[in-house]
Amino acid sequence: MKKSILKIFIYLLLLNGCSSITVPNNFIYKEIKTDTFTLASWQKITKPNGVYKIYIEGDGYAFDRYGRPTQNPTPKGNFVRKLAFNDKNDNVIYLARPCQYITSPICSQRHWTTARFAPEVINATFEAIRQIAGNSPIVLVGFSGGAQVGGLVASAKQGLNVKKIITIAGNLDHEAWVKYHDLLPLNESLNLADYYDNFMEIPQIHYVGENDKVIPPHLVQSFIKNNASVIVVAGANHNDGWNSVVDDIIKE
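Colleague: Lay out the sheet that holds strand β6 (residues 161-168) in plain terms, naming residues and giving numbers.
Modeller: With mixed pairing, 8 strands are arranged side by side in an open sheet as β1-β2-β4-β3-β5-β6-β7-β8. In this open sheet, the two strands that pair with only one neighbour each are β1 (28-33) and β8 (230-233). Averaged over all pairs of adjacent strands, the angle between their axes in this sheet comes to 20°, without regard to strand direction. Bridge count between β1 and strand β2 (residues 38-45): 6 bridges; the pairing is antiparallel. Residue pairing in the sheet places Ile-28 in a bridge with Gln-43 of β2. In the packing of helix α3 (residues 119-133) onto the sheet, contacts are made with β1, β2, β3 (52-56), β4 (91-95) and β5 (137-143), and the angle to β1 comes to roughly 125°. Together, β3, β5 and β6 form the strand contacts of helix α4 (residues 145-155), whose direction differs from that of β5 by roughly 150°.

Colleague: Quick one: what's the story with the pattern of salt bridges, residue by residue and with numbers?
Modeller: Tallied over the entire structure, the rule returns 7 salt bridges. Between Arg-97 and Asp-59 there is a salt bridge, with its nearest N and O atoms 2.8 Å apart. One end of the pair, Arg-97, is in the loop between β4 and α3; the other, Asp-59, is in the loop between β3 and α2 (79-85), and 38 residues separate them in sequence. The burial state of Arg-97 is the same as that of Asp-59; both residues are buried. Put simply, Lys-164 and Glu-252 hold a salt bridge, and the shortest N to O gap is 2.7 Å. Here Glu-252 lies in the segment after α8 (243-251) and Lys-164 lies in strand β6, a separation of 88 residues in the sequence. Lys-164 sits in the partly exposed class, given a relative accessible area of 21%. Glu-252 sits in the partly exposed class, given a relative accessible area of 31%.

About the cut-offs
- Residues numbered from 1 in each chain as written.
- Predicted model: local features only at pLDDT ≥ 70, side-chain atom pairs only at ≥ 80, totals over all residues.
- Heavy atoms only, no water.
- Pairing = 2+ DSSP bridges.
- Helix = DSSP H or I, 4+ residues; strand = E, 2+ residues; numbered from the N terminus.
- Axes fitted to C-alpha atoms, helices over the stretch in contact; angles between N-to-C directions.
- Contact = heavy atoms within 4.5 Å.
- Salt bridge = Lys/Arg side-chain N within 4 Å of Asp/Glu carboxyl O.
- Buried < 20%, exposed > 50% of the residue type's maximum accessible area, 1.4 Å probe, protein only.

What follows is the structure, given as structure tokens:
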């Protein structure tokens, strides 16, 4: 294994430390069955005909400190769930990635490594969002790899009424990302760069951490090109330092 792969996965592991969280009483845990995976979600729906704001989790605990794929990609941290649980909008959903929190028979290590953005992953996420929101307007919020997933369900698929995309430390072009870090390619995955024109038609805003070593700001800026929609958050790294923009994200 390349030393750079080991280095970055140890770095991700250290950033993704364990923490506890209390689920608010107005959020209900629901498992969403699709044709392939069953996805875990926590949902607060008070106006079914209103806008649905859906937070999509990052890649989670995909590798151990030795750079080996884990048996369970469930995230150790609660950054994205905390954002969702503090969101005061009427309809708020935290949506886990396939194989996080619960295991489907189809799950294998490839689904949180080389195939983390595979067609079956994107199709299942699309289907889950469709079951939740139907034709209602949607705001997607994607963290890290969840930004890639959100972008793909909105631009590579048809049938969702996505009004806006918000990304936080988003991995928007995984080919550029693996090249930058000298990692093995995610060769079983779709890439948002192949649906760029469709993606750019959607209103969007991207928050990047000034000190993020996992998704450095220039990777997002070079992909988006219109830097007016890219906000560099001073002092933020991949998982911490986002407090100054939390209220802005929640108010969207």
